[in-house]
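# Chains, contacts and geometry: an overview
Below are the chains, spelled out letter by letter.
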Amino acid sequence: MADISADTTANNNLNAQMEPGLRPSLPPPTLETGAVGWLRHNLFSSWVNAILTVLALYILYLIIPPFLAWAVFDATWTVPPLAAGVEDHPPQFADCRANAGACWIFVEARLPQFVYGFYTAEQRWRVDIVFLILAVSIFGLLSERIKRKKELAIFFFAIFPILAFWLLYGGLGLEVVETRLWGGFMLTLILSGIGIVFSLPLGVLLALGRRSDLPVVHMLCVVMIEFVRGVPLITILFMANVMLPFFLPPGVEFNVLLRVLLGVTIFAAAYMAEVVRGGLQALPKGQYEGAMAMGLGYWQMMRLIILPQALRIAIPGIVNNFISLTQDTTLVAIVGLYDFLNIVRAGSRDTNWLGTEIEGYVFCALVYWIFCFAMSRYSMHLERKLHTGHKKR
Amino acid sequence: MAQALNQGAAQAIPAASDQPMIQLSAVNKWYGQFHVLKDIDLTVYTGERIVVCGPSGSGKSTMIRCINRLEEHQKGKIVVDGVELTHDLKKIEQVRREVGMVFQHFNLFPHLTVLENLTLAPIWVRKMPKKDAEEVAMTYLKRVKIPEQASKYPGQLSGGQQQRVAIARSLCMNPKVMLFDEPTSALDPEMIKEVLDVMIGLAETGMTMICVTHEMGFARTVANRVIFMDRGEIIEQNDPEEFFKNPKSERTKLFLSQILHH
């Protein structure tokens, strides 16, 4: 401490001796920087903060070691060798009895079903191809090193959906796999993927409509948004499932999956509309005037000037909606679809696997978390990238 | 008439013609119950440079914003370059293509670079090829003396630089008229001159200009007519020398004494 104050005095003297206008810029006092400085600032800045730090460390000590013991050290990772006198059998919960921890062979044994649902086993390569194309295109669209974004986007949004549908459903030379057989992670991905891709543009249109000067368009959008937001998703799913057939002419069958997709997308779009409207309202009127004064038409103005800025402002809210949409897809279990969570639950109710519910839920939580966290991180990256305030590109 | 009015202007600045470019006849506008513009009659000739001044709330900004229909007038007639402004969107956009506007707060597009700000309208509205648009944009950036800032974003420039970019952006559309709505009011004092210099340079090219401003030095140098507005009416108009030396109405005298003695 003494050193530092001496240091400071020396600096002051230095400044005092200089002529005005010639004073040099000096580094900040050393106590403020480095690891010790960080600890002092963030963990022990006051005695309340210090107590909270200690308490938090204690709680972590209570939670983490037992969890690690259960999940890693005492867990069963592979099927143990057959004991003498035991008949050969498929893996089951009994194989895990020897260890106190988690029974991960449940996840291992059931993984194909968790991923593909009841999709015909011999045809699962088709799903793999769709997964592969999806992963590669998403990487291509998001990575900054890959050029030709326009072509990629056209492929991804126009060609890929048709290709994916053909591969997944079949027809034209491929064996048809009915949608009621679809399930597991694949179904969750389809539901949230289509929900995300369609809810954003639909939400943007609803938001623009709500701000429209045309009374009919305005009213329609307000009614639509407020109706959907006022009703729980479960209700919408029930309605899509039970009520929609009443409105259709007799004989017209509407696929359950399609009905659910419609319900999820419309639900997400209504919320998206309000998030986008928030972004639109944050833009100063001058941006509209600047665009109009140069003779841009309404759609040009929206596409080139207003929406790029409004959507950037709305990124946190938009991604928030994407994440909650992904998680809301678990509600389709209620109308009898076996999405990822539901199929894992069903798996742990199998008589061979009774007692593996916790393993199932932890595994599910981990998978959902990875996907949602990835979205959240990407959105933060995007926000930084699109910030044009004070730095060079 | 235009010739006679031009005596006070600098030598280099060309005289106005007698071709009317903008005609406002008996224009009225209300904001709710509030009568902002009362029977405005104004004819602006091609090549004429008009400075509009008056106390705040006098309707001067509203008047020039009516000329490119950022505000709608409720009574009377506005004709710009032979096109009457009505509810017809096609005609409104036709007028806006020919009328450039510079705003108090610049209204540059912060998500686009300076160059993209300049080329946007030529590309999308005039359907100009990108390369040509960039060439034109660089010409005008040189004219406002900041070609080196082309790849920066507006948020990285000073206020004066931003306003010069805004002027260049309007010029890229090759407009027949330029409207200025208090272009220097939001600037720090040391940046006002660089913007006024650009505007004087523009006047020397013979551009038709209507400028709402309180920069009376600029009015003296450039304008061939100064208009004084108060409470929604045009109170007085004259060539700058007469206007400043012998203001006729009491309100003009009061206004001038207030702004010139500060």
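Keep in mind the model is a prediction, meaning the values are calculated, not measured. (Residues numbered from 1 in each chain as written. Chains lettered and ligands numbered in written order. Predicted model: local features only at pLDDT ≥ 70, side-chain atom pairs only at ≥ 80, totals over all residues. Heavy atoms only, no water.)

### Let's talk about the interface of chain A and chain B
- Taken together, the contact between chain A and chain B spans 24 residues of the former and 26 residues of the latter.
- Roughly 2200 Å² is buried in total at the junction of chain A and chain B, and carbon and sulfur atoms are behind 59% of that figure.
- For chain A, the biggest contributors to the area lost against chain B are Ala293, Met294 and Thr388 of chain A; these three give 27% of the whole.
- Here Glu289 of chain A makes a salt bridge to Arg65 of chain B, at a shortest N to O gap of 2.6 Å. (Contact = heavy atoms within 4.5 Å. Buried area = accessible area lost by both parts, 1.4 Å probe. Salt bridge = Lys/Arg side-chain N within 4 Å of Asp/Glu carboxyl O.)

### Let's talk about the nonpolar core
- Among the nonpolar cores identified, the biggest contains 67 residues, and Trp182, Leu280, Leu296 and Ile305 of chain A are the most heavily contacted of them.
- Broken down by element, this core gets its largest block of residues, 12 residues, from helix α10 (residues 256-282) of chain A.
- Filtering out sequence-adjacent residues up to four positions away, Ile305 of chain A remains in contact with Gln287, Ala291, Leu296 and Gln300 of chain A together with Phe109, His111, Leu112 and Leu120 of chain B.
- Counting residues in each nonpolar core, the second largest holds 46 residues, with Val51, Ala150, Met191 and Val195 of chain B among its members. (Core = buried A, V, L, I, M, F, W, Y, C linked by side-chain atoms within 4.5 Å. Buried < 20%, exposed > 50% of the residue type's maximum accessible area, 1.4 Å probe, protein only. Helix = DSSP H or I, 4+ residues; strand = E, 2+ residues; numbered from the N terminus.)

### Re the packing of aromatic side chains
- Overall, the coordinates contain 22 aromatic pairs over all chains when judged by the stated rule.
- For the pair Trp70 of chain A and Trp104 of chain A, a centre-to-centre distance of 5.8 Å together with 70° between the ring planes defines the contact as edge-to-face. With Trp70 of chain A in helix α3 (residues 47-73) and Trp104 of chain A in the loop between α3 and α4 (105-116), the pair connects residues that are 34 residues apart, well separated along the chain.
- By relative accessible area, Trp104 of chain A is classed as buried at 12%.
- Taken together, Phe106, Phe114, Phe131, Phe185, Phe340, Trp353, Phe363, Tyr368 and Phe371 of chain A form an aromatic cluster joined through their ring pairs.
- Sitting over the face of the ring of Phe244 of chain B, Arg220 of chain B holds its NZ or CZ atom 4.4 Å from the ring centroid. (Phe/Tyr/Trp six-rings, centres within 6.5 Å; stacked < 30°, edge-to-face > 60°. Lys NZ or Arg CZ within 6 Å of the ring centre and 35° of its normal.)

### Quick notes on the UniProt feature "domain: ABC transmembrane type-1" (unreviewed entry) in chain A
- Mapped onto the present numbering, the UniProt feature "domain: ABC transmembrane type-1" (unreviewed entry) falls on residues 185-379 of chain A.
- From the first C-alpha to the last, residues 185-379 of chain A spans 23 Å; its make-up is 79% helix and 0% strand. (UniProt positions renumbered as here; feature names shortened; annotations may be inferred.)

### A few points about the pattern of salt bridges
All names here are of chain A.
- Taken as a whole and judged by the stated rule, the model has 22 salt bridges over all chains.
- The partner of Glu274 in a salt bridge is Arg210, with the nearest N and O atoms 2.9 Å apart. Taken together, the residues Glu274 in helix α10 and Arg210 in helix α7 (residues 184-210) connect sequence positions 64 residues apart.
- One connected set of salt bridges, linked through shared partners, spans Arg210, Glu226, Arg229, Glu274 and Arg277.

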